[in-house]
Amino acid sequence: MVDFKKMISNILAQEIGVIGEEEIYNIIEIPKHTEMGDFAFPCFKLSRLLRKSPNMIAEELKEKIKCNELFEAVSAVSGYLNFTINKQFYAKTVINEVLEKKELFGATDIGKGRTVIIEYSSVNIARAFHMGHIRSTMIGNSLYKIYKFLNYNVIGINHLGDYGTQFGKLITAYKLWGNKKDIEERGVDELLRLYVKYHDEAEKNPLLDDEARSWFTKLENGNEEAYEIWKWFREISLIEFERVYRLLGVSFDSYAGESFYSDKMPAVLKELREKNILTKSDGAEIVDLSEYGMPPAIVTKRDGSTLYVTRDIAAAKYRKDTYSFYKNIYVVGSPQKLHFQQLFKILEIMGYDWANDLVHVDFGTVSLEEGSLSTRKGRVVFLEDVLLKAIEMAKNIIEEKNPTLENKELVAKQVGVGAVVFQELFNNRIKDYTFSWSKSLAFDGETGPYVQYAHARCCSIIEKAGDIDIYDVDYSLLTDSSSMEIIKKLYQFADIVIDAHDKYEPSLITRYVTQLAHCFNKFYHDNPILTNDLSLTKARLALVYAVKYTLKNGLNLIGIEAPERM
RNA sequence: GCGCCUGUAGCUCAGUUGGAUAGAGCAACGGACUUCUAAUCCGUGUGCCAGGGGUUCGACUCCCUUCAGGCGCACCA
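The rules behind each value
- Residues numbered from 1 in each chain as written.
- Chains lettered and ligands numbered in written order.
- Predicted model: local features only at pLDDT ≥ 70, side-chain atom pairs only at ≥ 80, totals over all residues.
- Heavy atoms only, no water.
- Helix = DSSP H or I, 4+ residues; strand = E, 2+ residues; numbered from the N terminus.
- Buried < 20%, exposed > 50% of the residue type's maximum accessible area, 1.4 Å probe, protein only.
- Contact = heavy atoms within 4.5 Å.
- Areas by Shrake-Rupley, 256 points an atom, 1.4 Å probe, with all protein chains shown as cover.
- Lys, Arg positive; Asp, Glu negative; His and termini not counted.
- Charge placed at Lys NZ, Arg CZ, Asp CG, Glu CD.
- Expected span 1.5 Å × (residues − 1).
- Near = heavy atom within 4 Å.
- Polar contact = N/O pair within 3.5 Å; in protein donor to acceptor, adjacent residues only side chain to side chain.
- pLDDT = per-residue confidence, 0-100.
- Patch = residues over 30% accessible without salt bridge, like charges linked within 9 Å, V, L, I, M, F, W, Y side chains within 5 Å.
- Salt bridge = Lys/Arg side-chain N within 4 Å of Asp/Glu carboxyl O.
- Domains from an automatic or database assignment.
- Pairing = 2+ DSSP bridges.
- Axes fitted to C-alpha atoms, helices over the stretch in contact; angles between N-to-C directions.

A.B. asks: Before we go on, may I ask you to explain the overall build of chain A in this structure?
C.D. replies: If you tally the helices and strands in chain A, you get 21 helices and 13 strands. In terms of principal-axis extent, the alpha carbons of chain A reach across some 85 × 65 × 40 Å. A total of 566 residues make up chain A; the buried ones form 54% of that total. Within chain A, residue pairs in contact and separated by at least 24 positions form 75% of the contacts whose partners lie at least 6 positions apart. For chain A, the accessible surface area stands at approximately 25,900 Å², while carbon and sulfur atoms represent 48% of it. Of note, chain A has its 71 positive side-chain charges centred 2 Å away from the centre of its 81 negative side-chain charges.

See the structure below:
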């Protein structure tokens, strides 16, 4: 699409000698208030170089470039040079672009030829799939879609927590208090019960922890009984997790979790030892990171078994060898920030320059009003419960507002799940938040259903319009303020997607889509679209199409469905 | 103790790599459906941008410091 900023910086560069076009381009901003114009060039930086007041510079520049058919107005206001693009040209440029690109509007090919790995969700086997897991799952899912949209080759990995001492604990608990029948009947619920009981008992009897450690060591050394139990628990868990992933519409290219790397551990340890990176300490092997201002990382325990960071070293190496990634992104909560800093540093020390291509996308913690989520303490809100409740509420609202709707079940699912997901991706990922049923189940205001509703309105108008075509549009009919507000918003979409990509921040798209829906709802309220005036109808209909495509593209990028009716 | 993160309207949060009068939603009150779905739209805000210093023509934004909350720091993940 035509880059207005580029056009302006190009013109300005011919008049300004002291700084280059690129710098000018970067300085140009979009004014906060629309009355000021579409783009603004602040002259303060030039002021020092030219030894003139910003005001005067703006005035002089204005005189030099005022005659240009591209601009409707060029004004100098308190040190800013403000540009207003010719509205008809603006409208035509944007709408043509959207209608031409359709579901690819906003996409670019900056990712062409690059493979990106995104590790997300990474739930723990045999434990509750709870509200705390939705963030990694949906942030990762969204990043997956954003990267894909930008033409990257993307590999989504669910790095399952299917290994480690916790399995020793589970096996111990199963041997002491469990039985086959209960697990077959109750699935993960029973595994959870055993896990909670283990922790209760271990508080009274610390010897249990030795038992658990020893079971994990057995598992790691290939003990058959341990392996069979482990495999069984893993399968049971995955079946239940899949149910939730299906509801959310999330999938993965790989489920290579921690256990996948167990046989790659010896080689990693050998390499670390050969490179003289390990130090013995208290029977354990550590990497001393004090010169980098970090506490040491433990690589093997006293009994020789491995830890989290060891497996992550193996995983990173494996991924580099297998996928030759451009970036390897870990969507994992911020409590694990230090872990990733250590991991990246160790790989750097090992001599891998690609350690710079590893990214930890961290995010804040979800807690409950009663306190932090804790599987062990049984303080937990199951994700599936929240989703099902949201679907049920959506169903009730449909019955109330649109009882004749077809596919009620499907739409209720799309809207209910959309509401929950939207809530997760609305704020900056770094913020902690307290889960609340009423917020997750909100359907008014800045919510998923709000955006979906705007989309459904577009669809319903288009359907009603029947075979009215949108060729030969008279763009002068879209120069009113509420149309232009939409058009300017549409123009920003590609930049927003890039920004979300640069910052690993899906919320930028969530916010954008909400703003676009709002502009559209306002327009919709004030302007009849299907009128007796064919050329007016065509023009407005073209705008509706453009909004529809963009809303749908945006929702798709945050993993939310866009029903055509609701 | 050391390190990282957060602190903006009653509540939940935005705030465009330092820029022109700090914005939304919720809640409250008041308006708008014989017309394309009112899950919508419009109106009403006295915010020491946690406090204090500093850098700058200009600071919610950068630096220092204090306070408050959260998280992490050796054999869990």
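There is more to say after this.
A.B. asks: Would you mind going over unusual backbone geometry with me for this structure?
C.D. replies: Most peptide bonds are trans, and most residues other than glycine sit at a negative phi. The phi dihedral of Ser78 falls on the positive side, at around 35 degrees, and the residue is not glycine. By the secondary structure assignment, Ser78 is in the loop between β2 (71-77) and β3 (80-85). Despite not being glycine, Ala126 has its phi angle at roughly 65 degrees, a positive value. By the secondary structure assignment, Ala126 is in the loop between β4 (115-119) and α6 (134-149). Residue Ala126 is classed as buried on the basis of its relative accessible area of 1%.

A.B. asks: Looking at this structure, I do not really get helix α18 (residues 448-465). What am I missing?
C.D. replies: Within an α-helix, residues lying three or four positions from one another point in the same direction, as the helix has 3.6 residues per turn. Across its 18 residues, α18 extends 26 Å between first and last C-alpha, which sits within 8% of the 26 Å expected from 1.5 Å per residue. Extensive coverage of α18 is indicated by the burial of 13 of its 18 residues. A positive backbone phi angle near 65 degrees is found at Gly466, which sits one or two residues after α18.

A.B. asks: Is there a simple way to explain the protein's contact with RNA strand B in this structure?
C.D. replies: Looking at RNA strand B, there are 70 residues lining it, with Tyr80, Glu258, Lys301, Lys439 and Ser460 nearest. Within 4 Å of the protein, the contacting atoms of RNA strand B are 63% sugar and phosphate, with bases supplying the remainder. Within the contact set of RNA strand B, a sugar or linking oxygen lies 2.7 Å away from a side-chain nitrogen or oxygen of Asn427. One of the side-chain nitrogen or oxygen atoms of Arg511 is found 3.1 Å away from a sugar or linking oxygen of RNA strand B. Mapped onto the surface near RNA strand B, the elements with two or more residues apiece are α3 (44-50), β3, β7 (284-287), α13 (308-323), α14 (337-349), α15 (383-401), α18 and α20 (507-526). In terms of residues, the surface near RNA strand B owes the most to one element, α18, which gives eight residues.

A.B. asks: Is there a simple way to explain the confidence of the model for chain A in this structure?
C.D. replies: Fine structural detail should not be taken from predicted coordinates in areas where pLDDT scores are low. On average, residues of chain A score 94 in pLDDT, and 100% of them are at 70 or above. Model confidence for the complex: the whole-complex pTM is 0.96, and ipTM, which rates the interface, is 0.96.

A.B. asks: Sorry, what's going on with a nonpolar patch on the surface here?
C.D. replies: A grouping of Met1, Val2 and Phe89 is seen on the molecular surface, where their side chains present a nonpolar patch of about 220 Å² in accessible area. Mapped onto the elements, Met1 comes out in the segment before α1 (4-15). The class for Met1 is partly exposed, based on a relative accessible area of 38%.

A.B. asks: Is there a simple way to explain the domain arrangement of chain A in this structure?
C.D. replies: When the parts of a complex come together, some accessible area is lost, and that lost area is often used as the size of the interface. Annotation of chain A at the domain level lists domain 1 (4-85) and domain 2 (383-557). Each of domain 1 and domain 2 has a C-alpha centre, and the two are 34 Å apart.

A.B. asks: Would you explain the sheet that holds strand β1 (residues 39-42) in this entry?
C.D. replies: Strand pairing in a sheet relies on backbone hydrogen bonds, with the paired strands running either antiparallel or parallel. In spatial order, the strands read β1-β3-β2; together these three strands make up an open sheet with antiparallel pairing. Strands with a single pairing partner mark the edges of an open sheet, and in this sheet they are β1 and β2. Neighbour to neighbour, the strand axes of the sheet diverge by 15 degrees on average, direction disregarded. With four bridges joining them, β1 and β3 adopt antiparallel strand pairing. The partner of Pro42 across the bridge, within β3, is Tyr80. Together, β1, β2 and β3 form the strand contacts of helix α4 (residues 54-65), whose direction differs from that of β3 by roughly 35 degrees. Packed on one face of the sheet, helix α5 (residues 87-101) meets β1, β2 and β3 and runs near 65 degrees to β3.

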